[in-house]
Amino acid sequence: MSVITLQAVKKDFGIKEILKDANFSLDINDKVGLIGTNGSGKSTLLKMIAGLESIDSGQILVNSGSKVVYLPQQPEMDENHTVLEQVFADSGEQMNLVKEYEEISDKLAHHPEDTQLMSRLSQIMQKMDSSGAWEVETNAKIILTKLGICDFDAKVGTLSGGYRKRIALAAALISEPDLLLMDEPTNHLDALSVEWLQSYLNRYRGALLLITHDRYFLDKVTNRIIEIDRGDIYTYTGNYSYYLEKKALAEESAISSQRKHQGVLRRELEWLKKGPKARSTKQKARIDRVNAMRETEFKQVQGKVDISTVGRRIGKKVIDLNHVTKGYDGRTLINDFTYEFSPEDRIGIIGGNGTGKSTLMDMITKRIEPDSGTVEIGGTIHIGYFDQHSEELLTAVNEDQRVIDYIKEEGEFVKISDGTKITASQMLERFLFPGNQQYAPIYKLSGGEKRRLFLLRILISAPNVLILDEPTNDLDVQTLAVLEDYLEDFNGCVIVVSHDRYFLDRTVDTIFALEEGGIFRKYPGNYSIYLDYKKAEEAEQQETVKNVVVEKPATLTTTVTETKKRKRLSNWERKEFEQLEGKIAKLEEEKTTTERELANVKPGNYSQVQKLYEQVEKLKLDIDKATERWLELAEMES
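Since we're looking at a predicted model, the values are computed, not measured.

J.: Sorry if this is basic, but what is going on with the overall build of the protein chain here?
T.: Each helix and strand counted, the protein chain has 22 helices and 20 strands in total. Burial analysis of the protein chain (638 residues in total) assigns 49% to the buried set. Considering only contacts within the protein chain whose residues lie at least 6 apart along the sequence, 68% involve residues at least 24 apart. Accessible surface, the protein chain: about 31200 Å² in total, of which carbon and sulfur atoms supply 48%.

J.: Help me out: how do you make sense of the sheet that holds strand β20 (residues 519-524) in this one?
T.: In any sheet, the strands associate via hydrogen bonds between backbone groups, in a parallel or an antiparallel arrangement. The strand order β14-β17-β18-β12-β19-β20 describes an open sheet built from six strands, whose pairing is mixed. Sheet topology places β14 (383-386) and β20 at the edges, where each strand pairs with a single neighbour. For this sheet, the mean inter-axis angle between neighbouring strands, taken without regard to orientation, is 15 degrees. Bridging between strand β12 (residues 346-350) and strand β18 (residues 493-497) involves four bridges; their strand directions are parallel. Its bridge partner being in β18, I349 is matched across the sheet by V497. Taken strand by strand, helix α16 (residues 447-460) contacts β14 and β17 (465-469), and its axis lies near 175 degrees from that of β14.

J.: Explain helix α4 (residues 115-131) here, please?
T.: Because an α-helix packs 3.6 residues into every turn, residues spaced three or four apart end up facing the same way. When the terminal C-alpha atoms of α4 are compared, their 25 Å separation across 17 residues agrees well with the 24 Å that a helix rising 1.5 Å per residue should span. Within the sequence span of α4, burial applies to L117, M118, L121, S122, I124, M125 and M128. A side-chain oxygen of the first residue of α4 lies 3.1 Å from the backbone nitrogen of Q116; this N-cap is D114.

J.: Just to check I follow, could you spell out a negative patch on the surface for this structure?
T.: A cluster of acidic residues, E103, D106, D151 and D153, forms a negative patch at the surface. Looking at the element boundaries, E103 is found in helix α3 (residues 93-110). Accessibility expressed as a relative area gives 33% for E103, which makes it partly exposed.

J.: Just to check I follow, could you spell out the pairing of strand β9 (residues 232-236) for this structure?
T.: Regular strands place side chains that alternate from one sheet face to the opposite one. Sheet topology places strand β8 (residues 224-229) next to β9; five bridges connect them, and they run antiparallel. Paired with D229 across the bridge in β9 is D232. The hairpin turn running from β8 into β9, its antiparallel successor, is two residues long, and R230 in that turn takes a positive phi close to 50 degrees.

J.: Could you clarify how one ought to interpret the environment of V482 in this entry?
T.: Tracing the backbone through its elements, the reader meets V482 in helix α17 (residues 477-488). Spatially, the C-alpha atoms of V482 and I307 are 7.2 Å apart, while their sequence positions differ by 175 residues.

J.: I would appreciate a short explanation of the pattern of salt bridges in the present structure.
T.: Close approach of charged atoms allows side chains with opposite charge to pair. Throughout the structure, instances matching the rule amount to 22 salt bridges. For R230, the salt bridge is made with D229, and the minimal N-O distance between the two is 2.6 Å. Its relative accessible area of 33% is what places R230 among the partly exposed residues. The partner of K408 in a salt bridge is E412, and the shortest N-O contact between them spans 3.7 Å. Relative accessible area serves as the criterion here: at 30%, K408 is assigned to the partly exposed category.

J.: I would appreciate a short explanation of the environment of S105 in the present structure.
T.: By secondary structure assignment, the location of S105 is in helix α3. Considered as a pair, S105 and M118 are 13 residues apart in the sequence and their alpha carbons are 9.1 Å apart. Not counting chain neighbours up to four residues away, the residues in contact with S105 comprise L121, Y613, E617 and K620.

J.: What exactly am I supposed to notice about the nonpolar core here?
T.: Most often, soluble globular proteins keep nonpolar side chains buried together rather than apart. Membership of the largest hydrophobic core comes to 61 residues, with the highest contact counts inside it found for L173, L180 and L201. The greatest single-element share of this core, amounting to eight residues, is contributed by helix α6 (residues 161-174). Residues in contact with L201, not counting those within four places in the same chain, are K31, L173, L180, M182, L208, F217 and V221. Counting 44 residues, the second-largest nonpolar core is a separate cluster that includes F454, L459, F503 and Y527.

J.: Is there a simple way to think about the sheet that holds strand β2 (residues 17-27) in this case?
T.: Taken in spatial order, the three strands line up as β2-β1-β4 in an open sheet, and their pairing is antiparallel. Only two strands of the sheet have a single partner each, and these edge strands are β2 and β4 (57-62). Sheet twist, expressed as the mean angle between neighbouring strand axes with direction ignored, is 10 degrees. Examined bridge by bridge, strand β1 (residues 2-12) and β4 share five bridges and lie antiparallel to one another. What sits directly across from L6, in β4, is I60.

J.: Please explain the packing of aromatic side chains as it appears in this structure.
T.: Centre-to-centre distance and the angle between the planes together describe a pair of aromatic rings. Throughout the structure, instances matching the rule amount to 14 aromatic pairs. Look at Y236 and Y243: their rings are 5.1 Å apart centre to centre, the planes differ by 85 degrees, and that puts the pair in the edge-to-face class. By relative accessible area, Y236 is classed as buried at 11%. A network of ring pairs unites the aromatic residues F337, Y339, F341, F512 and F520 as a single cluster. Here the basic side chain of R452 rests over the ring of F433, its NZ or CZ set 4.9 Å away from the ring centre.

J.: What should I look at first to understand the side chain of N187 in this one?
T.: Locating N187 in the fold gives a position in the loop between β6 (179-183) and α7 (191-203). At 3.3 Å, the side chain of N187 forms a polar contact with the side chain of H213. When neighbours within four sequence positions are excluded, N187 is seen to be in contact with Q73, K165, H213, N473 and D474.

J.: Would you take a moment to explain α16 for this structure?
T.: In this model, α16 (14 residues) spans 20 Å end to end at C-alpha, consistent with the 20 Å of a helix rising 1.5 Å per residue. Taken across its 14 residues, α16 has 13 buried, putting it largely inside the fold.

J.: Where do I start with the packing of α6 against α7 in this structure?
T.: The angle between the axes and the distance between the axes are what describe a pair of packed helices. The contact between α6 and α7 brings their axes to 13 Å, and the two run at 15 degrees. Viewed along their axes, α6 and α7 adopt a mutual orientation that is roughly parallel. Relative to α7, the crossing made by α6 is left-handed. Where α6 approaches α7, its residues R166, L169 and L173 are matched on the opposing element by S193, W196, L197, Y200 and L201.

J.: Explain unusual backbone geometry to me, please; I cannot follow it from the model alone.
T.: Leaving glycine aside, a negative phi is the common case for residues, and trans is the common case for peptide bonds. The backbone of D336 shows a phi angle near 50 degrees, a positive value even though the residue is not glycine. Structurally, D336 is set in strand β11 (residues 331-341). Taking the relative accessible area as the measure of exposure, D336 reaches 43% and is therefore partly exposed. At E470, a position not held by glycine, the phi torsion is positive, near 50 degrees. Following the sequence through the fold, E470 ends up in the loop between β17 and α17.

J.: Looking at this structure, how should I read the side chain of D387?
T.: By the element assignment, D387 lies in the loop between β14 and α12 (391-396). Residue class for D387 comes out buried when judged on its relative accessible area of 7%. In contact with D387, not counting residues within four places along its chain, are R367, R451, F454 and D469.

Criteria and thresholds
Residues numbered from 1 in each chain as written. Predicted model: local features only at pLDDT ≥ 70, side-chain atom pairs only at ≥ 80, totals over all residues. Heavy atoms only, no water. Helix = DSSP H or I, 4+ residues; strand = E, 2+ residues; numbered from the N terminus. Buried < 20%, exposed > 50% of the residue type's maximum accessible area, 1.4 Å probe, protein only. Contact = heavy atoms within 4.5 Å. Areas by Shrake-Rupley, 256 points an atom, 1.4 Å probe, with all protein chains shown as cover. Pairing = 2+ DSSP bridges. Axes fitted to C-alpha atoms, helices over the stretch in contact; angles between N-to-C directions. Expected span 1.5 Å × (residues − 1). Polar contact = N/O pair within 3.5 Å; in protein donor to acceptor, adjacent residues only side chain to side chain. Patch = residues over 30% accessible without salt bridge, like charges linked within 9 Å, V, L, I, M, F, W, Y side chains within 5 Å. Salt bridge = Lys/Arg side-chain N within 4 Å of Asp/Glu carboxyl O. Lys, Arg positive; Asp, Glu negative; His and termini not counted. Charge placed at Lys NZ, Arg CZ, Asp CG, Glu CD. Core = buried A, V, L, I, M, F, W, Y, C linked by side-chain atoms within 4.5 Å. Phe/Tyr/Trp six-rings, centres within 6.5 Å; stacked < 30°, edge-to-face > 60°. Lys NZ or Arg CZ within 6 Å of the ring centre and 35° of its normal. Parallel < 35°, antiparallel > 145°, perpendicular 65-115°, else oblique. Left-handed = near helix turned anticlockwise from the far one by under 90°.

Written out as C-alpha cells, the structure is:
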C-alpha cells in the first residue's frame, strides 16, 4: 500500500531546476535513502512532501488517514519548555494526556491540598488508563535515555543545538507516523546513539525517507535508494552498497552507449559527405535517420567534486601541546594533555558531545587560550580549519557577497596539484558550482553548498595542517568520498573530530578517545580497530570480575566500582537484569490498579484521594529507578 505518491512534480528556483518531472511512490515498508549532491534538492523534496514547500506543478497524494512527520536539520523549539514538554508539544491525544498529567503532578507537588487538582488528576489518570497513554510516557523516557538525555526537566533553552536535535528526534520517533521524513538524523549523535537509532529504525513499522551522510547507517537501514540528479529522479531497489554497484554499471553503460552512438553517427556523416545526393526513398530515410541522431542528447555523467589543490612545504615541527588544561564552570574538559603532532599524523579524535573535542581544536588554532600549559605552532605551519559550524562563512561573511567574489579573496588564480594555474571560476566548476551559481549571492546556497564552498576556500589556501571538525555534517556522500581520497594523498598533518564511523575508517590511523575528566587515551589504527581494542578491554575486565566473584567475594563491591565502565554483564548482573523485568511489570501492574482505585474514589473523599495519589507517585518513582537500572544493564547486555 502506498503511503504517498508524487505525480509529475516540478520545482524550479530560477537559478536551478530542482525537479523536472518527478514520479515515485513510497510504500508502508519502504526504508528509502535520498541521495544527491549538495544543492540538488534533497531537503527541498522532504519539505514539499511535508507540505512546507510549494510545488510548481504536478501533485503529491497522501493516503487518506496516513500520518506524516518531518524532522528538519534545525528544529524550532520553545526555549521555555522542559525536555518532556517539548517532546509532547506537537503530539496527539495520548501525549496531551501525558503532558497534562505531568503538569498537574508538578502543581500538586507544591499544593498537595488542592482538591480541584486532585479531582482533575483522577479524571486524567482514568483517561490515560483507557487510552494506553502510560506506555507513551515510558517509551518517550526510554528513547530520550538511549539518545543520551536523562534530565527530562531541563529547560530547552539551556541545551546545545546537538541536544535539541536529539529531543526533536525523540519526538518524531514516539509519534510513530506512517511516514517519517528525516533530514540528517545522525548529525550531533555519538557512535553509540547512531547504532541504537540504526537498530530502532530497522524495527520501525512504517515508511521512512531520510537524508544522511553516514554511509554505514545508510547501508544498514535502507532497502531502497532514490537519487536526485539535475532534476531527474532515479530509483534503485536495494541498500547503499547495491546503489553504488548499479550506479557504476549505469554510468559505464551510458558512456558506452554514447561512444557507440558517436561512432555510428560519425560513419553516417562520412557516408553523407561521400555518397550521391538522395534520390531514392531508402537514401532519404537514411538521411532522416542521421539528422535524428544528430539531435539526440545524452545526459552527461554527474559531475564530481575535483579536489586537486596544491599543498605547501611542512617542517619537522608541527604543533606541540605541553600539559594543556582547559575547563569551564568548574568542569575540566581537557586535563594535562601533552602531544607532539608530526607531519605524517592522521589523528581521529572521538568522545561524547560536550566533552571538549572542539575546545581542543580551538586551542590548537589559538581561538582560545588554555588555562594552563602551552600550544606551540611550527614556523612553516599553515592551518586550514574546517569548523564544525562553518562560523566564518555563516556569520563573519556578508551573505550578500557573490560566490565567486568570496573565492577570489584567496586569489584570482588557483594553483593545482600538477603545478598549473586555473581561474577561480574554473575551480568553482570543479567543486560543482556552475556559472549561474557563481554570480549568485551566498545566501541563495543550501546549507550543504555553503559547507562545500567553505571547504574549497580552505583548500585553495594551501594548508599543510588540516583540522576537520565534524566535516561530514551537511556534506553529501559524493563530496565526502572525494575528500577521503584527497586526504590519502595530502602532504601534511590531518586532525579529524568526527562521529562518522565510515569517514574515520577511511582517513585516520590513530584514535584519541576523550574520556571522563578530560583524559585522552591513544589507540593505534582507525575507528573499527579502536572498537576491537575496546571489545578486548571489556572482555578482559569481564574475566577479571568473574575471577573476583569466585576468589574474593568480600571485595566484590569495590571491584565492580573499579570496573564500572565495562559493558558485558556478570552473572549476578544478568540475574538482576532478569529479575528487574518482572519487578517493573509488577510495579506497573500495581500502579495501574492504584490509579483505577484513585479514578473511582467517590467525590469529596479527599483524604482517600491524597493517600492513593501519594501511592501512585511513590510507585512512579520506584518504576523510574528500576527502569533506569534496567536500561543501564540492557546497554551492557547489548
